[in-house]
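Results of the structural survey
So the chains spell out like this:
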Amino acid sequence: MATRDTLAARAATSTSAADLYALAREAFEAPADMAYAKELLSGATFSADAGAKAALDKVAGDAMFTKDFVALAIGYQALGDAGKAKEMLGQGADFAMDGSEKVAVGMGQWLALSDAAAAAKALAGALKEVSATEELYGLAAVVAEINDAALFGQITDKIKTKCGRAGDFARLAKMLAKGDKAKAMETINEGAAKYGNPADLIVLSGAMGEIDPAAAGALYDKALDSAKDFNALMQVLAAAAGNETFTKAVLAKGNAIAQSTGEFLQLLEANAAIGNGAGVTDMLTRAEDAVNNLDDMRKIVEAVDKHAAGDAERVARLKDRLARREANQAKYVAIQNEEEKAKTVKQFVGLADRIMAELDDASYASKLLTSAEDMMRGEGAFHFARFKPLILAVDRLGDKQWLGKLLDESVAAAADFVWFREIVMTCATELKDTEYGKARARVFVEGRALGDNPYDYTKMAETVQTALGDSALAAKLLGDAASRARDHYGLAHIAKLYRDIGDNAAANALFAKAAAACASGDACVQLATRLKSYELPASEIAPLMTTCGSHLASANDKLRWAEGVSDLLLDSTWAEQAFDGIAGSFASGAEKKRFELSRQMRMGYRFFGPGVQAH
């Protein structure tokens, strides 16, 4: 195969017309460069040789092939013998058998005689027989030179039918762009519609960038969107070299889909290449978090030495991790074998605890807990009861950011107070960092919206006192509850809670208020029963019950009060006072008989007067 590059050195040392003709004839062979052949035969060295015509005549006498005749025509024309040149082209046309030879005749018409019309006619006839892509491109180059737009369009249309790759469309578009930019862009878009994988789109984007940089952006975006895995994305990244804006867009997507240390390190190098120091730091951190084996550990230490040697803390930490990894490789292998067998959340959590206990490798433990979390989320909706083992495992890991996220999600999902209280208690009493746990519990308590039900406040007050030991906040909540309580049940319950936190004054005031709220004998007995269950001494219950009965109006309510409280307190002195106090409400008849019988049953020997003694 002879080309301008391979023939130029020999042409420079050629001194005879015969030698130059021989080189020109070689230039006719595929990939033919007939324009270079013309240069060789039109130069001063060829025409200055007195023996040039004789040399051509000698070759002409033995010529048998079309390309011989075309080369001779160019040579004769260079010597000024147009008639001989036409004769040679005529013989060449007679000998032309296939498409390539007919193309040679057409090109000869143009190169030797500058006859555009004759060249176009010959080349149009040759087009039907030319099928090789390279020959079609050669033909197109000649037709472009003779400026025959119609024939050029026929040739490029035929080339397009042979485009079997994105690169073929790109090549054709670049040629078209020399004369018809719109047609070139249309060709690229046609290729993009046919070949949509990232590598192909990148090829087409690059071609479009050479033709119209502004239009290339849409294709680059399409290439980026089509990259669904990391390897495809790296092809897009390689093509983005030199385009910082697009490179950043590719890196942003890479950040979202990269998973392994190796992938993060590739992104690190790309960030370093564009001088993005923040991106380098971020990728180092993520690469470190993703370390999964000894080789990963070695690679990240190399990357830190190369890109972050000034970060002494990171360098020291990673080198220490590498040393421990190398020293405990057998343990790592054993645990990795167990990891492959793990099927349940409990197994993953157990392995994570084992890693922290035996290897103190938070990154590896985090990876296993992430697997556990993914498994749990795949099994059903988030609920604290299910996620608590994971939450406590993350706490043992020491990852406060992750722990905080899980706790926040727990509270958001806790629709009922039972589970809210469980979360608060877990924070306050079960987390490794007690101070952090209590702080989170307080945030959750203070952020919980409460309704207008006093029991919402009492439950929160109890939780605050138990979890945080914060009597001041508990008292505030009890005050809010008291302002909403309307019956003796709520008032007594709030009073009891005040007593539990040591505020007896507030408790006693609410006990009195509860007594005042009792509108019936039954209510008074219910309150007395509740006070006794609170273990208030009878000496405190008795005066409250006296107050309770003092505002009862009906005889039946009064008797129910006296009977019920007497039975509860078993205090004959209080019973005597109570029955004596309501005796006036039972003047005669059956009601008086019932009253007297009841009083006798509850007062015992006292019923018969102070002079009677029990035996």
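Use the structure listed above.
What this report covers is the structure whose coordinates are included nearby. (Residues numbered from 1 in each chain as written. Predicted model: local features only at pLDDT ≥ 70, side-chain atom pairs only at ≥ 80, totals over all residues. Heavy atoms only, no water.)

Here we look at unusual backbone geometry
Leaving glycine out, the prevailing phi sign among residues is negative, and the prevailing peptide bond configuration is trans. Here is the rule we go by: Under the scheme used here, helices are H or I runs from DSSP no shorter than 4 residues and strands are E runs no shorter than 2 residues, and both carry numbers assigned from the N terminus.
Residue Asp360 is not a glycine yet carries a positive backbone phi of 50 degrees. Within the fold, Asp360 resides in the loop between helix H23 (345-358) and helix H24 (362-379). Of note in this structure, Leu570 is not a glycine but carries a positive phi near 55 degrees. Looking at the element boundaries, Leu570 is found in the loop between helix H35 (555-569) and helix H36 (572-582).

What about the side chain of Asp212?
Stated precisely, the cut-off is as follows: To sort residues, take the accessible area from a 1.4 Å probe on protein chains only and compare it with the maximum for the residue type: under 20% means buried, over 50% means exposed, and anything in between is partly exposed. Neither His nor the chain ends contribute to the count of charged residues, in which Lys and Arg are positive and Asp and Glu negative. Think of a salt bridge as a Lys or Arg side-chain nitrogen and an Asp or Glu carboxyl oxygen that are within 4 Å of each other. By the convention used here, residues are in contact when the closest approach between their heavy atoms is within 4.5 Å.
You can see Asp212 is positioned in the loop between helix H14 (198-211) and helix H15 (213-226). No salt bridge is formed by the buried Asp212. Its closest oppositely charged neighbour is Lys181, at 4.2 Å. Setting aside anything within four residues of it in sequence, one finds Asp212 in contact with Lys181 and Met185.

As for the pattern of salt bridges
Close approach of charged atoms allows side chains with opposite charge to pair. Inspection of the entire model under this criterion finds 41 salt bridges. A salt bridge links Glu288 to Arg314, with the nearest nitrogen and oxygen atoms 3.7 Å apart. Remark: Arg314 occurs in helix H21 (residues 312-327) and Glu288 occurs in helix H19 (residues 277-289); sequence separation between them is 26 residues. Each member of the pair Glu288 and Arg314 is classed as buried. Salt bridges here are not isolated pairs; linked through shared partners, they connect Glu288, Asp311, Glu313, Arg314, Arg317, Arg321, Arg325 and Asp361.

Things to note about the state of the cysteines
Rules: Note on disulfides: each one is a pair of cysteine sulfur atoms within 2.5 Å.
Summed over all chains, the structure comprises one disulfide. Each sulfur of the disulfide joining Cys524 and Cys548 lies 2.1 Å from the other. In this structure the cystine formed by Cys524 and Cys548 twists about its S-S bond by roughly -95 degrees; its chirality is therefore left-handed. Taken together, the residues span a long stretch of sequence, with Cys524 in helix H33 (residues 521-533) and Cys548 in helix H34 (residues 538-550) at a distance of 24 residues. Pair check on accessibility: Cys524 and Cys548 agree, each one buried. Cys548 provides the cysteine sulfur closest to Cys518, a residue in no disulfide bond, and the two sulfurs are 3.8 Å apart.

Some remarks on H34
Inclusion rule: Helices are assigned an expected span. That span is 1.5 Å times one less than the residue count.
The terminal C-alpha atoms of H34 lie 18 Å apart, and with 13 residues this matches the ideal 18 Å at 1.5 Å per residue to within 8%. Among all positions in H34, only Ile541, Ala542, Leu544, Met545, Cys548 and Gly549 are buried. The inward-facing, buried residues of H34 contact helix H32 (504-516), H33, H35 and H36.

Brief notes about the packing of aromatic side chains
For clarity, the threshold we go by: When the centres of two rings from Phe, Tyr and Trp lie within 6.5 Å, Trp using its six-membered ring, the rings pair. Their planes under 30 degrees apart give stacked, over 60 give edge-to-face, and anything left gives tilted. In this analysis the charged atom, NZ for Lys or CZ for Arg, is taken to sit over a ring once it is within 6 Å of the ring centre and within 35 degrees of the ring normal.
Applying the stated rule across the entire model yields eight aromatic pairs. With 5.6 Å between their ring centres and 45 degrees between their planes, Phe417 and Phe420 make a pair best called tilted. Of the two residues, Phe417 and Phe420 both sit in helix H27 (residues 417-430), three residues apart, roughly one turn of that helix. Overall, Phe420 belongs to the buried group, its relative accessible area being 0%. Relative to Phe595, the ring of Phe586 has its centre 4.8 Å away and its plane inclined at 10 degrees; by these criteria the two rings are stacked. Among the aromatic residues, those joined into a ring-pair cluster are Phe579, Phe586 and Phe595. For Arg448, the ring lying beneath its charged end belongs to Phe420, and the centroid distance is 4.4 Å.

Side note on the packing of helix H22 (residues 329-341) against H24
The condition is simple: As a rule, the C-alpha atoms of each element are fitted with a line to give its axis, helices using only the stretch in contact, and angles between N-to-C directions run from 0 to 180 degrees. For classification purposes, angles smaller than 35 degrees are called roughly parallel, those larger than 145 roughly antiparallel, those between 65 and 115 roughly perpendicular, and all remaining angles oblique. Each residue is assigned to one of three groups, with Ala, Val, Leu, Ile, Met, Phe, Trp, Tyr, Cys and Pro labelled nonpolar, Asp, Glu, Lys and Arg labelled charged, and all others, Gly among them, labelled polar.
Direction vectors running N to C along H22 and H24 enclose 5 degrees, while the axes themselves pass 12 Å from each other. By the angle between their axes, H22 is roughly parallel relative to H24. Contacts between H22 and H24 involve Tyr332, Ile335, Gln336 and Glu339 from the first element and Tyr364, Lys367 and Leu368 from the second. Here the residues of the contact of H22 with H24 are counted per class, giving four nonpolar, one polar and two charged.

Notes on the nonpolar core
Going by this rule: For the purposes of this section, nonpolar cores are sets of buried Ala, Val, Leu, Ile, Met, Phe, Trp, Tyr and Cys residues that join through side-chain atoms within 4.5 Å.
If you look at the biggest cluster of nonpolar residues, it comprises 97 residues, and the most contacted ones within it are Leu369, Leu531, Met545 and Trp561. Once residues within four sequence positions are removed from consideration, Trp561 is found in contact with Gly521, Cys524, Val525, Met545, Thr546, Gly549, Leu552, Trp574, Ala578 and Ile582. Listed in part, the 94 residues of the second largest apolar core include Ile155, Ile159, Leu172 and Leu294.

Digging into the packing of helix H8 (residues 99-113) against helix H9 (residues 116-127)
Packed helix pairs are specified by the crossing angle of their axes together with the interaxial distance, meaning the distance between the axes. Running from N to C, H8 and H9 cross one another at 170 degrees; their axes reach a closest spacing of 7 Å. What the angle tells us is that H8 and H9 run roughly antiparallel. Contacts between H8 and H9 involve Gly99, Lys102, Val103, Gly106, Met107, Gln109 and Trp110 from the first element and Ala116, Ala118, Ala119, Ala122, Leu123 and Ala126 from the second. Residue composition of the contact of H8 with H9, grouped by class: nine nonpolar, three polar and one charged.

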